[in-house]
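# What the coordinates show
In case you want the letters, here they are:
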Amino acid sequence: METEFTPLSSLIGGMLIGLSAVMFLIINGRIAGISGIISRLLPPSIHKPDFPQGLPFLAGLILSIPTWYFINGSRPVQFISENYLILSIAGLLVGFGAVLGNGCTSGHGVCGISRLSTRSITATGTFMMTSFITVLLLRHF
Amino acid sequence: MRNLVTVFTGLIFGIGLIMSGMTNPAKVQNFLDLFGTWDPSLALVMGGAILITMPGFWLVQKRQTPFFEDSFLIPQKNKS
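Each value, and the rule that gives it
- Counting restarts for each chain: residues are numbered from 1 in the order of the written sequence.
- Labels are handed out in written order, letters beginning with A for the chains and numbers beginning with 1 for the ligands.
- The predicted origin of the model limits local features to residues at a pLDDT of at least 70 and limits the giving and counting of side-chain atom pairs to 80 or more, whereas totals for whole chains, interfaces and linings rest on all residues.
- Hydrogens and water are ignored here; the side-chain numbers use all heavy atoms of the structure.
- Residue contacts are counted whenever heavy atoms from the two residues lie within 4.5 Å of one another.
- What counts as buried area is the accessible surface, traced by a 1.4 Å probe, that two parts surrender upon association, with contributions from both included.
- Salt bridges are counted wherever a side-chain nitrogen of Lys or Arg sits within 4 Å of a carboxyl oxygen of Asp or Glu.
- For helices, the fitted line uses only the C-alpha atoms of the stretch in contact; every axis is such a line through C-alpha atoms, and the angle between N-to-C directions lies from 0 to 180 degrees.
- For helices the rule is a DSSP run of H or I covering at least 4 residues; for strands it is a run of E covering at least 2, with both sets numbered from the N terminus onward.
- Here roughly perpendicular refers to angles of 65 to 115 degrees, roughly parallel to angles under 35, roughly antiparallel to angles over 145, and oblique to all remaining angles.
- By the convention adopted, Pro, Cys, Tyr, Trp, Phe, Met, Ile, Leu, Val and Ala count as nonpolar, Lys, Arg, Asp and Glu as charged, and the other residues, Gly among them, as polar.
- To estimate the expected span of a helix, subtract one from its residue number and multiply by 1.5 Å.
- Among buried residues, the Ala, Val, Leu, Ile, Met, Phe, Trp, Tyr and Cys ones that are joined through side-chain atoms within 4.5 Å form a nonpolar core.
- Relative accessibility thresholds used throughout: buried, under 20% of the residue-type maximum; exposed, over 50%; partly exposed, between the two (1.4 Å probe, protein chains only).
- Grouping into patches uses exposed residues only, defined as over 30% relative accessible area, and leaves out salt-bridged ones; the cut-off is 9 Å for like charges and 5 Å for nonpolar side chains (Val, Leu, Ile, Met, Phe, Trp, Tyr).
- What sets the accessible areas is the Shrake-Rupley method with a 1.4 Å probe; for residues, cover comes only from the shown protein chains.
- Polar contacts, as counted here, are pairs of nitrogen or oxygen atoms within 3.5 Å of one another; within protein the pair requires one atom able to donate a hydrogen and one able to accept it, and residues that are adjacent in sequence qualify only if both atoms are side-chain atoms.

### Concerning the interface of chain A and chain B
Between chain A and chain B, the contact holds 66 residues from the first and 62 residues from the second. Around 6,100 Å² of area is buried between chain A and chain B when both sides are counted, 73% of it from carbon and sulfur atoms. The three residues of chain A that bury the most area against chain B are I26, I27 and R115 of chain A, which together make up 11% of that side's buried surface. Between R139 of chain A and D33 of chain B there is a salt bridge whose closest N-O contact spans 2.8 Å.

What follows is the structure, encoded as structure tokens:
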């Protein structure tokens with residue numbers, strides 16, 4: 001399905017994401033990687049009290065949906081597959097890959113790249129390349 | 001106080017994510033579809049974020065400590 005190119009709102013939205021990551025670092029001294037934050041809230045890491053601020057961050061993240069609705073009077077637009085089996089498998093793969101690669105789009109793609117971390121630049125290059133190829137194969141062959 | 005400010009950072013992250021259109025999987029998929037319905041928005045989201053985090057992180061780390069922790073815990077650079 002086609003989606004509209006939204007340069008301005010995407011740029012401003014991205015800047016807000018960056019602002020949030022900077023604030024998170026200055027407050028908690030940690031990198032705001034979403035996959036890391038979530039995986040630390042799940043077993044087995046949940047028993048290690050090394051990351052106490054994951055839950056409030058996640059709460060804020062979830063609260064952004066009703067906040068958006070309150071401000072705009074409309075829900076965020078979403079076109080998503082209705083095949084729950086495929087969605088679950090895809091989600092599992094994303095989670096598995098993020099744990100294996102020590103991070104996801106936020107941790108590696110934003111925070112890591114801006115620290116010029118070799119590991120993050122490699123990870124971002126790898127997941128971008130893999131996903132370009134996946135979409136190419138699924139949509140054009 | 002710390003929790004409250006952290007909730008606020010999560011809120012800003014989420015608002016940014018929704019505003020950027022990245023809560024719509026179709027937009028992400030279209031970014032990846034270079035030879036089809038290409039939508040370059042995602043590049044601007046990452047670019048916009050890095051525009052802020054690159055100078056922001058550098059400035060923050062000039063401080064000795066974060067506000068509510070004894071030290072920064074940042075993954076070591078260039079570790080494989």
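### A word on the packing of helix 6 (residues 118-140) of chain A against helix 2 (residues 25-32) of chain B
Contact geometry of helix 6 of chain A with helix 2 of chain B gives a least axis separation of 8 Å together with a crossing angle of 90°. Regarding the angle of helix 6 of chain A to helix 2 of chain B, the classification is roughly perpendicular. Packed against helix 6 of chain A, whose contacting residues are M128, S131, F132, V135 and R139 of chain A, the element helix 2 of chain B presents Q29, N30, F31 and L32 of chain B at the interface. Here the contact of helix 6 of chain A with helix 2 of chain B is composed, by residue class, of 5 nonpolar, 3 polar and 1 charged.

### What to know about helix 1 (residues 2-20) of chain B
The end-to-end C-alpha distance of helix 1 of chain B, which contains 19 residues, comes to 27 Å, matching closely the 27 Å that a straight helix rising 1.5 Å per residue would cover. Just downstream of helix 1 of chain B, G21 of chain B is the residue with a positive phi angle, here 90°.

### A closer look at the nonpolar core
If you look at the biggest cluster of nonpolar residues, it comprises 35 residues, and the most contacted ones within it are F57 and M128 of chain A together with F57 of chain B. With 8 residues, the top contributor of residues to this core is helix 1 (residues 7-28) of chain A. Beyond its immediate sequence surroundings of up to four residues, F57 of chain A is in contact with S20, F24, A32, I34 and I37 of chain A together with T6, T9, G10 and F13 of chain B.

### Section: a nonpolar patch on the surface
Residues and elements named next belong to chain A. On the surface, a nonpolar cluster with roughly 430 Å² of combined accessible area is contributed by L85, I86, I89 and L93. Along the polypeptide, I89 turns up in helix 4 (residues 84-100). I89 sits in the partly exposed class, given a relative accessible area of 46%.

### Observations concerning unusual backbone geometry
All names here are of chain A. Despite not being glycine, N102 has its phi angle at roughly 60°, a positive value. Unlike most non-glycine residues, L116 shows phi in positive territory, near 55°. Secondary-structure assignment places L116 in the loop between helix 5 (105-114) and helix 6.

### Notes on the side chain of S114 of chain A
Structurally, S114 of chain A is set in helix 5. A relative accessible area of 6% places S114 of chain A in the buried class. Reaching out from S114 of chain A, the side chain makes a polar contact with the backbone oxygen of V110 of chain A at a distance of 2.8 Å. A distance of 3.0 Å separates a polar atom in the side chain of S114 of chain A from the backbone oxygen of C111 of chain A. When neighbours within four sequence positions are excluded, S114 of chain A is seen to be in contact with I50, T53, M54 and F57 of chain B.

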